[in-house]
Amino acid sequence: MPSSTGNGMTERRVLSLPNEAATASFANALLERLPPNPAGWTLLLEGELGAGKSTFARALIRAMGHAGPVPSPTYTLIEPYELDRATIYHVDLYRIASPDELHYLGWDELDDGLRLVEWPDRAPELMEQADFSLRLSYEGDGRRAELSAVSGRAAALLEGWPNPPA
Ligand SMILES: Nc1ncnc2c1ncn2[C@@H]1O[C@H](COP(=O)(O)OP(=O)(O)OP(=O)(O)O)[C@@H](O)[C@H]1O
Ligand SMILES: [Mg+2]
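Residues numbered from 1 in each chain as written. Chains lettered and ligands numbered in written order. Predicted model: local features only at pLDDT ≥ 70, side-chain atom pairs only at ≥ 80, totals over all residues.

### Structural notes on the overall build of the chain
Per the secondary structure count, the chain includes 5 helices and 7 strands. Across the chain, helices and strands are ordered from the amino to the carboxyl terminus as β-α-β-α-β-β-α-β-α-β-β-α. Over its C-alpha trace the chain gives a radius of gyration of 15 Å, about what one expects of a compact globule, namely 15 Å for 166 residues. Overall size of the chain, expressed as C-alpha extent along the three principal axes, is 40 × 35 × 35 Å. A total of 166 residues make up the chain; the buried ones form 36% of that total. For the chain, long-range pairs separated by at least 24 residues make up 68% of all intrachain contacts whose partners lie at least 6 apart in sequence. (Helix = DSSP H or I, 4+ residues; strand = E, 2+ residues; numbered from the N terminus. Rg over C-alpha atoms; globule rule 2.2 N^0.38 Å. Buried ≥ 20, exposed ≤ 12 C-beta atoms within 10 Å, placed from the backbone. Contact = placed C-beta atoms within 7 Å.)

### Details of the sheet that holds strand E4 (residues 87-92)
Note on sheets: strands pair through backbone hydrogen bonds, and any given pair is parallel or antiparallel. Strand order in the open sheet made by the 7 strands is E1-E7-E6-E2-E5-E4-E3, with mixed pairing throughout. Of all the strands in the sheet, the pair left with one neighbour each is strand E1 (12-17) and strand E3 (78-82). Taken over all neighbouring pairs, the strand axes of this sheet differ in orientation by 15° on average, direction set aside. Of the strand pairs in this sheet, strand E2 (residues 42-46) and strand E5 (residues 114-118) are connected by 4 bridges, and their pairing is parallel. Its bridge partner being in E5, Leu44 is matched across the sheet by Val117. Where helix H2 (residues 53-63) meets the sheet, it contacts E2, E3, E4, E5 and strand E6 (132-139), and its direction lies at approximately 160° from that of E5. (Pairing = 2+ DSSP bridges. Axes fitted to C-alpha atoms, helices over the stretch in contact; angles between N-to-C directions.)

### Some remarks on unusual backbone geometry
Notably, Leu77 is not glycine yet its phi reads approximately 70°, a positive angle. Turning to its location among the elements, Leu77 is positioned in the loop between H2 and E3. Owing to 18 C-beta atoms within 10 Å, Leu77 belongs among the partly exposed residues under this scheme. We note that Trp119 has phi near 55°; this positive angle belongs to a residue other than glycine. Among the structural elements, Trp119 can be located in the loop between E5 and helix H4 (126-129). Given 20 C-beta atoms within a 10 Å radius, Trp119 is considered buried.

What follows is the structure, encoded as structure tokens:
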């Protein structure tokens, strides 16, 4: 099985997201490839201010069946969504002062859901627990997405997904 560690091979897909609709269809497509209940999976959302991290998270939460608003977790830090298919935790670490705060926040109890984490670089240890890193950046009027597998199971998923849509 290809892996992002050890053998130097990183499964990665790069794609253009020219508008928000492209971001939403990419989120839908990724969700379709995840297990029916992706509890325990962790997706890190990286990229500078305004890169589109929350837009991607919102699309994924909606694709999972949530109909209401998806407020930014900037102040609450964790927004939980208990949906029929699974629980999702939308986490934003922008405002934490030290990586230790992750544990005070109750991070360790979030393993019963899919964790979407904005600003994961605030707590570097998260990289060891992650399945995917999605790095978003500006590209003209749209965005560029770089999806990298961190875990072995994520690498296997990406290996079977040669051409993600956008
Ligand atoms: N693929 C895209 N193409 C064009 N604009 C986009 C795209 N994705 C998001 N945007 C726009 O970028 C802006 C910022 O989006 P968003 O709030 O998702 O960024 P963010 O990375 O979460 O920012 P922050 O770092 O403040 O949390 C929004 O106005 C959104 O509509
Ligand atoms: Mg955001």
